[in-house]
Amino acid sequence: MSVAIAAPPGTVSRDTRTTRRVAAAVLLPLGPLCVAALRGVLPYFHAADNRETVTQTAAHLGRQDAVLWLSLVALAALIPSVLAAGRLAQRRAPVLTLFGVGLLVPAFAALFFFAGDPTIRAVAGGAADTDTAVRVLDAQTALAPLGVAAFMFVAGHILGMILLGAALWRAHAVPVWAAVAVIVSQPLHLAFVLIGNQPLDAAAWGLTALGFAVAAARVLRTPDDDWDLAPISRAV
């Protein structure tokens, strides 16, 4: 039978919980805030087909560059955002949190396939003439993995955000109004995309960012012992 020996002075593992908790609070609203901004400046929001996508992007290359940079930050922040929100809710609403985060993580991971649309920026910036650019985008759109990724994102982030908002509400992790903002944000996003209203689409993602910002404030007030287990001392 092995016996654990108390670690002598100087062997206690460094406690990083405060650092990780503050980082989670910073990342929580950052992901959806970046998406709100990029949806607001997206140059081809109203494009009806790939030809219009190319021509409208070519007319506003600076805006597409902003979309690319915002997409880069969003890709880095969105999954940590939902994981942090899930950690805040999971003890009091474990099932809702499980399904919400379980849908959102693969949904946001699928954004890797088309976030920022670098191909659109490249062909609209002169890498190909308009007819060739349209053929490239048509061929890209027809790729089966891209279609699956698009479905994963659309279905996963809308349903997942509803469930995560419900988990935050049930867990009393945020005020009711902030949880409602998260719940309704993505259905509103879908509705505003369908009716073609770009400012309201950006505002819908802003509701997600607002709800997550309130959750971030709660994370900052959460004691380290409630956020995570303390590190274990290294045994001799």
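Rules used in this analysis
- Residues numbered from 1 in each chain as written.
- Predicted model: local features only at pLDDT ≥ 70, side-chain atom pairs only at ≥ 80, totals over all residues.
- Heavy atoms only, no water.
- Helix = DSSP H or I, 4+ residues; strand = E, 2+ residues; numbered from the N terminus.
- Buried < 20%, exposed > 50% of the residue type's maximum accessible area, 1.4 Å probe, protein only.
- Contact = heavy atoms within 4.5 Å.
- Areas by Shrake-Rupley, 256 points an atom, 1.4 Å probe, with all protein chains shown as cover.
- Lys, Arg positive; Asp, Glu negative; His and termini not counted.
- Charge placed at Lys NZ, Arg CZ, Asp CG, Glu CD.
- Phe/Tyr/Trp six-rings, centres within 6.5 Å; stacked < 30°, edge-to-face > 60°.
- Lys NZ or Arg CZ within 6 Å of the ring centre and 35° of its normal.
- Axes fitted to C-alpha atoms, helices over the stretch in contact; angles between N-to-C directions.
- Parallel < 35°, antiparallel > 145°, perpendicular 65-115°, else oblique.
- Left-handed = near helix turned anticlockwise from the far one by under 90°.
- Nonpolar A, V, L, I, M, F, W, Y, C, P; charged D, E, K, R; others polar.
- Core = buried A, V, L, I, M, F, W, Y, C linked by side-chain atoms within 4.5 Å.
- Expected span 1.5 Å × (residues − 1).
- Bend = angle between axes of the 7 residues up to and from the residue.
- UniProt positions renumbered as here; feature names shortened; annotations may be inferred.
- Polar contact = N/O pair within 3.5 Å; in protein donor to acceptor, adjacent residues only side chain to side chain.

Peer 1: Could you give me a rundown of the overall build of the protein chain, with the residues and numbers involved?
Peer 2: Within the protein chain, the secondary structure is distributed over 10 helices and 0 strands. Dimensions along the principal axes, computed over C-alpha positions, put the protein chain at roughly 75 × 40 × 30 Å. Here the protein chain, with 236 residues, has 40% of them falling under the buried criterion. Counting contacts in the protein chain only where the partners sit at least 6 residues apart, residues at least 24 apart contribute 79% of the total. Total accessible area on the protein chain stands at roughly 12,200 Å², and carbon and sulfur atoms take up 69% of it. Separation between the mean location of the 16 positive side-chain charges and that of the 13 negative ones in the protein chain comes to 13 Å.

Peer 1: If you had to explain the packing of aromatic side chains to someone new, which residues and values would you point to?
Peer 2: Counting across every chain of the model gives 2 aromatic pairs. Ring plane angle 50° and centroid distance 6.3 Å describe the contact between F108 and F153, whose orientation is recorded as tilted. With F108 in helix 4 (residues 94-109) and F153 in helix 7 (residues 144-170), the pair connects residues that are 45 residues apart, well separated along the chain. When the ring of F112 is compared with that of F113, the centres are 6.2 Å apart and the planes differ by 80°; the resulting orientation is edge-to-face. You can call F112 exposed: its relative accessible area is 66%. Across from the ring centre of W227, 5.5 Å away, lies the NZ or CZ of R87, which sits over that ring.

Peer 1: Give a detailed account of the packing of helix 3 (residues 61-89) against helix 5 (residues 118-127), specifying residues and quantitative values.
Peer 2: Contact geometry of helix 3 with helix 5 gives a least axis separation of 10 Å together with a crossing angle of 155°. Between helix 3 and helix 5, the crossing angle belongs to the class labelled roughly antiparallel. By crossing handedness, the relation of helix 3 to helix 5 is classed as left-handed. Contacts from L61, Q64, D65 and L68 of helix 3 reach helix 5 at P118, R121, A124 and G125. Counted by class, the contact of helix 3 with helix 5 contains 4 nonpolar, 2 polar and 2 charged residues.

Peer 1: Account for the nonpolar core, with residues named and values stated.
Peer 2: Judged by nonpolar contacts, the single largest core of 36 residues is most densely connected at L28, L88, F108, L164, V174 and F212. Among the secondary structure elements, those contributing two or more residues to this core are helix 1 (17-41), helix 3, helix 4, helix 7, helix 8 (176-195) and helix 9 (198-221). Other than its neighbours up to four places away in sequence, L28 contacts S81, A84, A85, F212, A215, A216 and V219. Counting 12 residues, the second largest nonpolar core, distinct from the first, contains L38, L42, V54 and V134.

Peer 1: Give a description of unusual backbone geometry that names residues and reports values.
Peer 2: You will see that H172, though not glycine, has its phi angle at about 55°, which is positive. Along the chain, H172 turns up in the loop between helix 7 and helix 8.

Peer 1: Would you mind going over helix 3 in detail, with residue names and values included?
Peer 2: For helix 3, with 29 residues, the first-to-last C-alpha span of 41 Å sits near the 42 Å given by 1.5 Å per residue. Taking the largest bend as the criterion, helix 3 deviates by roughly 35°, centred on A77, and proline P80 comes between one and four positions later.

Peer 1: Mind laying out the UniProt feature "transmembrane region" (unreviewed entry) in the protein chain, listing which residues take part and the relevant values?
Peer 2: Residues annotated in UniProt with the feature "transmembrane region" (unreviewed entry) correspond here to residues 22-46, 66-86, 93-115, 146-169, 176-196 and 202-220. Helix makes up 100% of residues 66-86 and strand 0%, and the two end C-alpha atoms of the span are 29 Å apart. Across residues 176-196, helical content stands at 95% and strand content at 0%; the span's end C-alpha atoms are separated by 29 Å.

Peer 1: Would you mind going over the environment of Q186 in detail, with residue names and values included?
Peer 2: Mapped onto the elements, Q186 comes out in helix 8. A residue is classified by how much of its surface remains accessible, and Q186, at 0% relative accessible area, is buried. In the structure, Q186 is positioned 22 residues away from T208 in sequence and 7.7 Å away in space, judged by C-alpha atoms. If we skip the residues at most four places from it in the chain, Q186 touches H157, I158, M161, W205 and T208. A polar contact of 3.2 Å, which involves the side chain of Q186, links it to the side chain of H157. A polar contact is formed between the side chain of Q186 and the side chain of T208, at a distance of 2.8 Å.

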